[in-house]
Amino acid sequence: MAEALAGIRVLEAGGGAALAYAGKLFADFGAEVLKIADHHDPIATAWPRLGEGSALQAWLNTNKRLVEGSVSQLAPSCHVLLDARPRGRESLPRHLVTTRISWFGEQGPYAHFAATDVTCRALAGVFACIGPKEGPPSMLGGMAGEAMGGIAAFIASAAALWGGGGRRMEASIHEANIAIAEYQAAQAVTNPEVEQRRGVNRFAPTSPLGVYRCREGWLGVTIVTPAQWRAFCEMLGLDDLARDPAFAVWPGRLAQAERLETLFAERLAARTAEDWFAEALARRLPFAVVPEMTTLLATPTHRARDAFQRVKLGATEFEGPTLPQRLTRTPPRRYGIAPLGPEPAPPAPLLTGGPSEKLLPLQGLRVLDLSMGWAGPVCTRTLGDLGAEIIKVEAIQYPDWWRGVDPRPAFFEQKLYERDVRFAFQNRNKRGITLDLSRPEGAALLQRLVAHCDAVIENYAREVLPKLGLDYPVLKRSRPDLVMLSMPAFGGQGPWRDARAYGSTLEHASGLPTVSGAADGPPLTNQLAYGDPVGGMNAAAAVLTALLHRKSTGEGQHIDLAQVECMFPLVAPWMIAQSALGDSGPRLGNRHPDQAPHGAFPCAAEGWVAIAVTDDGAWTRLCAVLERADLAGLDLEARRAREDELEALIAAWTGPRDADAVMGVLQANGIAAGAVRWPSELRRDAHLHARGFWQEADRPFLGPHTLPSAPIRMAGGPPLKIVRPAPTLGQDNTEVLSELLGLSSQEIAALEADGIIGTEAIPVSARRPRSDPQALARTVNA
C-alpha cells in the first residue's frame, strides 16, 4: 500500500517523548526516520518496562532506525531535523527543515527550567480546575503533555516541508498545552464560575458531567442542553426532575449535585453500562462506556478500525495505539518494529536547495472550514496561523454555536452573538462567509468554492453532508485532488458512527478516567472537554500529511478522523502495560511510577506547586533545600516506601511560601517544579509575557482583547502574527464571492435578499421554510 510520507528522510536528535512522538508521526506514515542513539534519553527507562527495555519507548520508536553518528554527519542527507538537544551549534544545510522541540521554547524566563510532563502542564493551566474542591489539584502523569508537544512539532515540520523546506521552526510543549486550558482562560473574563475547582467530576458551565458506577462498569455522562437533561431524566424514570424548573439549566443542577448524583446512582446501578450506552445511542445522548484498559483493547468498534498497532520489541509483541490520522488512501502503519540497538547509518545522497521565499510556510494554501465549536476550528486556526487562507462558512440561520446559543430576542437585537470571547480565540486568522447549505443555491455555491480550495474541514454529524449532497464523493467532482477531513466521534463506519459526543465524551470513551484519580475514588474526568483541542491538533496533522502526499503524487483523499482515537496516545502507557504485562497497574492519584516524591503541594494564599523528583540527584538537592541531609541517601524504592512521610515533609515546607517563590528556589537547584496556574493567570505569566504569547486584537462588537498565539514559531523569532481577528458573521461575503466566484454586486445582493447569505443572525421564529425537505440538522460533533 502507498504510504503518505514515503521519500522523506527525517533525523531525530535528543530525547523525550515529545521528540519521539513527532518522529513516530513521520515513521508510521512511511518516512525514513533515523534516530541518533542517546544514552540519556529519559524515556529509555520509562514505565511500563519489559526485559528488552521500555515498552513505551518501543511504541514511540516504531519503524525508526537507531543509528550512530552526529547531526553534522547525517543532516546533509535528510529533509527534516527534529531536534530536542540543548541548543546545538552546528552549521546546518540550507535545504533542511529544522524543528526545535523544548519544554518552554528557546527564550523566556522558563527556557532553562527543569521540567516533566506534569510540571509543564501545571504551568500551562491544565490542572488547577480539576479534582477535590479543597485540593490537591488532580495531576495525571504519563505523556499527555508531550503528545501535544510532539503533534505541534510535527505540524511545524510538515508545514515547512509543504512550503518548500529550508526553515527553522520551534515548538513549545508548554504553549501546545495551553490549548487545553483556553476555554477557561477565555470564559473566565466574563464568567468566572468556569474557573473553579468544584470537586471530582464536576465542572462549570455544565452539569452533570461525570463518571457513574453501573451494575457492571462505568458510564460517562455529559449533559449540556435542556433537551438532553429531559431525555436523561426520562431514561432514568425521573420525570419529576425533568419537569422541575429549578433544574432546567446547569447552575441549578450543579448547586444540587450531591442530591442529584445520589438519585442517578440508585437508578444507574440497576443496569450495566453497556445497556445504558445502547439506550443513550437511541436517544442521541452524548454518553459513553468508560472502559478499563482490558475492555478498551477488546472493544469491537475499535478493533474493526485497526485502532491498536501491533509492536514488536525483540521477541516480544504487544499493542499500543495506532496513529489516529486515518487517511483512507494512505493510512498509518498498523504494525511496528522497534529498534533494539544502534547500527551504522545507511548511505544516502546529499540533498541540496535553499530556504523557501514564502513569508509563512502555508502561504498559498486555501482551506474551506465547515466546522464549528472547538475541535474543527482548532484545526483550521492552526493552519491559518501558519499562513493558509481559511474561509469559514456559517449560516445566518445556524451560526457557529460558540457565538452563543440563546433564543431570546435581545440576543439577536443586540448582536450578542458577536461578543463571545471563545469564538474569538478559536477563529483568528480566518475569513468568514455565510451560506445556507440546506438550500440548493447555497449548496451550489459551496461546490463552486471547493474548486478553488485545497482542503475542506468539517465536523457535522455524520449524516448531514450526505443528506445535503455535499459529502466527499460529491465535492471531489469539483476538485478531484481534494483533501477532505471529517471528524466523527467514533469514525464514519460501524455501530457507533452516529453517536453524539462532546470533548468530555471522547475522554470518557478513551478510558483515560479509569487510570486517573485516587484509587479509592471513581474514575476521574481530567478536563471539561479534553477531546476537543486534542482532536483539533491531530486533525491539522492529518490534513498536512495528506497534503504532503498530494504534493508528491497528485492524489487527494478523504480523512476519517475518529476523535476518540486521538485520545488513545494520552492513555498509551496504561494501554501498553495492559497488553505487554497483563496489568495496567493501580491508579496512583498524583503519584508516579518512576518518580518519587511526585505531586501537588499546598502553598500560601491557596496556591499549589507541582514537584517531581526525577532521580536520586534531584532528591539529594531537594534534601539540601529542605535541610534534611539525613534523608539524602534514600533511593527510589526507599522514597516510595516512605512517600506519605516525605510528602508531609515537603508540604510543611511549601505551605507558608508563595507558589512562585517555591518554584524559583527549586528550579535554582535543578528540581522540576511548576506553580499550578489558574487559566486566567496565564495572561499575567511572566514567561508568556516575555515571549509575546498574548497578542492584542481589536474587533467590532468585542473591542480590544488579547488572544493566545500558536505553539509554533520561526526559531528565535516572535510568535506567528495574528493578522485577522475572528470574523463577524458573513464579514467577507462580498470579497470571497466576488474574488473567487466572480459574482457581481447585483448577484450578491440577490443572495442576501433571499437569505442565502447575510451578516445578521436570525432567530428560529424568523426563519423561512426551507426548499430542501431534509433540512439541515445542525447537530455537530463537538
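Scroll up to find the structure this text is about.
Treat the numbers as computed from the prediction; the structure is a model and nothing was measured.

*Asks:* I'm lost on the pattern of salt bridges in this one. Help?
*Replies:* Oppositely charged side chains can form a pair if their charged atoms are brought close together. According to the stated counting rule, one finds 63 salt bridges in the structure shown. Of the charged contacts, one joins Arg284 and Glu463 as a salt bridge, the two residues approaching to 3.1 Å between their closest N and O atoms. Pair noted here: Arg284 is in the loop between helix H11 (273-283) and strand S11 (288-289) and Glu463 is in the loop between strand S19 (455-458) and helix H18 (464-468), with a separation of 179 residues, a long-range link. Here Glu463 falls in the buried class, since its relative accessible area comes to 15%.

*Asks:* Explain the sheet that holds strand S7 (residues 97-102) to me, please; I cannot follow it from the model alone.
*Replies:* Strands in a sheet are paired, the pairing made by backbone hydrogen bonds, and the direction either parallel or antiparallel. Read across the open sheet, the eight strands follow the order S15-S5-S2-S1-S6-S7-S8-S27; overall the sheet is mixed. Strands with a single pairing partner mark the edges of an open sheet, and in this sheet they are strand S15 (343-344) and strand S27 (712-714). With four bridges joining them, strand S2 (residues 32-36) and strand S5 (residues 64-68) adopt parallel strand pairing. Bridge pairing in S5 links Lys35 to Leu66. Packed onto the sheet, helix H1 (residues 17-27) meets strand S1 (9-13), S2, S5, strand S6 (80-83) and S7 and runs at close to 155 degrees relative to S6.

*Asks:* What's the story with the pairing of S5 in this structure? I'm lost.
*Replies:* The side chains of a regular strand alternate, residue by residue, between the two faces of the sheet. Sheet topology places S5 next to S15; two bridges connect them, and they run parallel. Bridge assignment links Glu68 to a residue of S15, and that residue is Pro344.

*Asks:* Would you mind showing me how to read the side chain of Gln228 here?
*Replies:* Mapped onto the elements, Gln228 comes out in helix H7 (residues 226-236). Discounting residues that sit within four places of it in the chain, Gln228 has contacts with Thr222, Ile223, Leu285, Pro286 and Tyr502.

*Asks:* Before we go on, may I ask you to explain the environment of Pro342 in this structure?
*Replies:* If you trace the backbone, Pro342 turns up in the loop between strand S14 (335-337) and S15. Along the chain, Pro342 and Gly69 lie 273 residues apart, while their C-alpha atoms are 9.6 Å from each other. Apart from the residues within four sequence positions on either side, Pro342 is in contact with Ala37, Leu66, Val67 and Glu68.

*Asks:* Would you take a moment to explain the packing of aromatic side chains for this structure?
*Replies:* Aromatic ring pairs: the centre-centre distance and the angle between the two ring planes describe each pair. This structure, assessed with the given rule, holds 23 aromatic pairs. Pairing Phe490 with Trp496 gives two aromatic rings, centres 5.2 Å apart and planes at 75 degrees, and the pair type is edge-to-face. Assigned by exposure class, Phe490 and Trp496 land together as buried. Here the aromatic cluster, defined as three or more aromatic residues joined through ring pairs, consists of Tyr212, Trp229, Phe232, Phe247, Phe264 and Phe287. The ring of Phe423 has Arg403 lying over it, and the distance from NZ or CZ to the ring centre is 4.0 Å.

*Asks:* Would you take a moment to explain the sheet that holds strand S10 (residues 218-222) for this structure?
*Replies:* Strand order in the open sheet formed by three strands is S9-S10-S11, with antiparallel pairing between adjacent strands. Single-partner strands in this sheet number two, and they are strand S9 (209-213) and S11.

What counts and what doesn't
- Residues numbered from 1 in each chain as written.
- Predicted model: local features only at pLDDT ≥ 70, side-chain atom pairs only at ≥ 80, totals over all residues.
- Heavy atoms only, no water.
- Salt bridge = Lys/Arg side-chain N within 4 Å of Asp/Glu carboxyl O.
- Helix = DSSP H or I, 4+ residues; strand = E, 2+ residues; numbered from the N terminus.
- Buried < 20%, exposed > 50% of the residue type's maximum accessible area, 1.4 Å probe, protein only.
- Pairing = 2+ DSSP bridges.
- Contact = heavy atoms within 4.5 Å.
- Axes fitted to C-alpha atoms, helices over the stretch in contact; angles between N-to-C directions.
- Phe/Tyr/Trp six-rings, centres within 6.5 Å; stacked < 30°, edge-to-face > 60°.
- Lys NZ or Arg CZ within 6 Å of the ring centre and 35° of its normal.

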